[in-house]
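Architecture at a glance
Here is what each chain is made of, one letter per residue.
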2 protein chains.
Amino acid sequence: MKLKVYADRMSQPSRAVIIFCKVNGIDYEEIKVHISKGQHLTPEFAEINPMKQLPAIADGRFKLFESHAILIYLACAFPGVADHWYPADVFKRSKIHSVLDWHHSNLRRGADRRLNSMILFSAPYVFNTTIAPILGRPLNPQAAAEAEIILSSSLSKLESFWLKGNGRFLLGGNQPSIADLSLVCELMQLEVLDEKDRTRLLGPHKKVQQWIENTRNATNPHFDEVHRVIMLAKERQQHQLLKATKNEGGSNMKKPLVSRM
Amino acid sequence: MKLKVYADRMSQPSRAVIIFCKVNGIDYEEIKVHISKGQHLTPEFAEINPMKQLPAIADGRFKLFESHAILIYLACAFPGVADHWYPADVFKRSKIHSVLDWHHSNLRRGADRRLNSMILFSAPYVFNTTIAPILGRPLNPQAAAEAEIILSSSLSKLESFWLKGNGRFLLGGNQPSIADLSLVCELMQLEVLDEKDRTRLLGPHKKVQQWIENTRNATNPHFDEVHRVIMLAKERQQHQLLKATKNEGGSNMKKPLVSRM
């Protein structure tokens, strides 16, 4: 029975799992669960993942959720996945676990999963600077400021520690691991920010920018294909923001951003 | 060269690593890094862990931080660790990764690592209900209420999902894994709460209570020995709270709670 991947490409960990399958030639069926339509909250999906979050997989009768756990499982259980994705060497593997755990409490930190069940962007910085007004919610400048501190600090640590040396990938690697894929997919969420904001945040971090590009190149054409929804969302959002600015009363600001994605 | 474990027993992930070493007869040297004295922020400690967090290990020249990554490393790299701690079976192992990843975003969520660098309790619920006034900081009832929602929801998921069935441990196991140890050490932080609060939070979750006891029994006498600092802190804190209540001006409320621990 073919591997089933339950995903919404608007969710960054969903994208990481899909790209991993595509790059490694894993035969899978993508089952779209639209967060914007609340499909992850249905009793049917709770049978797959009782935590009602994406992504999740079903490999025969074996069900699994949490994207890092899924990436590790796929790397171990499917033949033909190159060692660099999740090295057998205990020292290299441990360092990858360390990056992935760090990710939870840093880049991904503050990712409010309750918010995530209502909106499509979990990153609080993106939410509080860009998405909130479109959804007819108040901007929260304090939350945005706090989220920016965490984001900037995480980007600095990526630049100065995880990407130190001359390697093209995290931990000095010359080929990507599941950690590169997971973290870069997270950062791609910044694409929906206003260009000025994005440049301000990413601008000082040249190695981070190069690493995003390296990871993209190492996994293309799949990377671009899977991120297409984000790019489309960005275009629609810019259009909607423009419209909202013109319309001071903003009666149409409560329309969901990407309800048809 | 003996394994070095850099730890502060007031930190829940430090305790998990120390108990794991003791239970599995791993020969190690515990290097105490006192968070309350800011010893984790020194340049010397940054050589061990540039993220300036605990715990961290050095096994010869190999350095590692993030407690889950450390527990997995120890289970894989040291001979004689029983399989149940981190099973070789890919399906069982994947489920353990799933619990550990879930832990980051739930029980441990909101654990503010910036706060953690200043105070000894990272759990925001405990901080905002109990610790704040002792440190001369304002209580934040809203933050406490939000943290309680996350904590209660996490406890419910533990009770109804991770502990479903008749197993004595997570995922239906009859012997503990590194996930049991990690999550139970986190919950032991609730010991410092007022008894009434603790009962209100844990009271409805009978399986969780039994599982804490099962994990304690499976790892004693080490569990109790390593948690002794928490119990001592509880006593001192109750004494200090009593004193603070009597002293309305509260000039002595700014003394750190456990400065000599």
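Residues numbered from 1 in each chain as written. Chains lettered and ligands numbered in written order. Predicted model: local features only at pLDDT ≥ 70, side-chain atom pairs only at ≥ 80, totals over all residues. Heavy atoms only, no water.

Just so we agree on the cut-off: UniProt positions are given in the numbering used here, feature names are shortened, and annotations may be inferred rather than shown by experiment.
For chain A, the name recorded in an unreviewed UniProt entry is glutathione transferase, with Gossypium klotzschianum as its organism. Recorded in UniProt under Sequence similarities (unreviewed entry), the annotation for chain A is "Belongs to the GST superfamily. Theta family." Listed in UniProt under the heading Catalytic activity (unreviewed entry), the comment for chain A reads: "RX + glutathione = an S-substituted glutathione + a halide anion + H(+)".

**Focus on the relation of the copies chain A and chain B**
Short version of the rule: Residues below a pLDDT of 70 in either copy are left out; the C-alpha atoms of the rest, at least 70 in both, set the least-squares superposition of the copies. Between two residues, a contact is recorded if the distance between any of their heavy atoms is within 4.5 Å.
When chain A is fitted onto chain B, the two copies agree to an RMSD of 0.0 Å after a turn of 180° and an axial shift of 0.0 Å. Such a combination of rotation and displacement between the chain copies is what one expects of a two-fold axis. Relative to the rotation axis, the C-alpha of H104 of chain A is the closest in chain A, positioned 3.2 Å from it. Counting the interface residues of chain A, we find that 100% of their copies in chain B are interface residues as well, pointing to one common contact surface.

**Brief notes about the sheet that holds strand β2 (residues 28–32) of chain B**
The strands making up a sheet associate through backbone hydrogen bonding, with each pair oriented either parallel or antiparallel. Residue and element names in this part refer to chain B. Quick note on the threshold: A pair of strands counts as paired when DSSP detects no fewer than two bridges linking them. Numbering goes from the N terminus for both helices and strands, where a helix is a DSSP run of H or I of at least four residues and a strand is a run of E of at least two. Note on geometry: axes are C-alpha line fits, over the in-contact stretch for helices, and angles between N-to-C directions span 0 to 180 degrees.
Taken in spatial order, the four strands line up as β2-β1-β3-β4 in an open sheet, and their pairing is mixed. The open sheet has two edge strands with one neighbour each: β2 and β4 (62–65). Neighbouring strand axes in the sheet, compared pairwise and without regard to direction, differ in orientation by 20° on average. By the bridge criterion, three bridges tie strand β1 (residues 3–7) to strand β3 (residues 56–59) in an arrangement that is antiparallel. Counterpart to Y6 in the pairing with β3 is A56. Each of β1, β3 and β4 is contacted by helix α3 (residues 67–77), which is oriented at about 135° to β4, the strand it contacts most.

**Remarks on helix α4 (residues 90–105) of chain B**
Residue and element names in this part refer to chain B. The condition is simple: Multiply 1.5 Å by the residue count of a helix minus one, and that product is the helix's expected span. Per-residue accessibility, obtained with a 1.4 Å probe over protein chains only, is compared with the maximum for each type, and a residue is labelled buried under 20%, exposed over 50%, and partly exposed between these values. Here a polar contact means two N or O atoms within 3.5 Å. Within protein one must be a hydrogen donor candidate and the other an acceptor candidate, and residues neighboring in sequence count only if both atoms are side-chain atoms.
Taking 1.5 Å per residue, 16 residues should reach 22 Å; α4 reaches 23 Å between its end C-alpha atoms and fits that length. When you tally the buried positions in α4, you get twelve out of 16 residues, the bulk of the element. The complete set of buried residues in α4 reads R93, S94, I96, H97, S98, V99, L100, D101, W102, H103, H104 and S105. Put simply, D89 is the residue that caps the front of α4, since its side-chain oxygen is 3.1 Å from the backbone nitrogen of F91.

**Brief notes about the interface of chain A and chain B**
We count it as follows: Take the accessible area each of two parts loses on contact, using a 1.4 Å probe, and add the two losses: that sum is the buried area.
Contact residues are listed per partner, giving 33 residues for chain A and 33 residues for chain B. Summed over both sides, the interface of chain A with chain B buries roughly 3000 Å², with 64% coming from carbon and sulfur. Across the chain A-chain B interface, the total number found is eight residue pairs in polar contact (both at pLDDT 80 or more). Listing elements by their share of the side of chain A that touches chain B, those giving two or more residues are β4 (62–65), α3 (67–77), α4 (90–105), α5 (113–116) and α7 (141–162) of chain A. For the side of chain A that touches chain B, the leading source of residues is α4 of chain A, giving eleven residues.

**Some remarks on the pairing of β4 of chain A**
Residue and element names in this part refer to chain A. Across four bridges, strand β3 (residues 56–59) lies against β4 in antiparallel orientation. By the bridge assignment for β4, I57 is matched with L64. Here β3 folds back onto β4 in antiparallel fashion, the turn holding two residues, of which G60 has a positive phi close to 65°.

**A look at the packing of helix α1 (residues 12–23) of chain A against α3 of chain A**
Residue and element names in this part refer to chain A. To keep it simple, the criterion reads: Should an angle fall under 35 degrees it is called roughly parallel, over 145 degrees roughly antiparallel, and 65 to 115 degrees roughly perpendicular, with every other angle called oblique. Note on residue classes: Ala, Val, Leu, Ile, Met, Phe, Trp, Tyr, Cys and Pro are nonpolar, Asp, Glu, Lys and Arg are charged, and everything else, Gly too, is polar.
Where α1 meets α3, the closest approach of the two axes is 9 Å, and the angle between their N-to-C directions is 10°. Taken together, α1 and α3 sit at an angle that is classed as roughly parallel. Residue-level contacts link P13, A16, V17, F20 and C21 of α1 to S67, I70, L71, L74 and A75 of α3. Here the residues of the contact of α1 with α3 sort into nine nonpolar, one polar and no charged.

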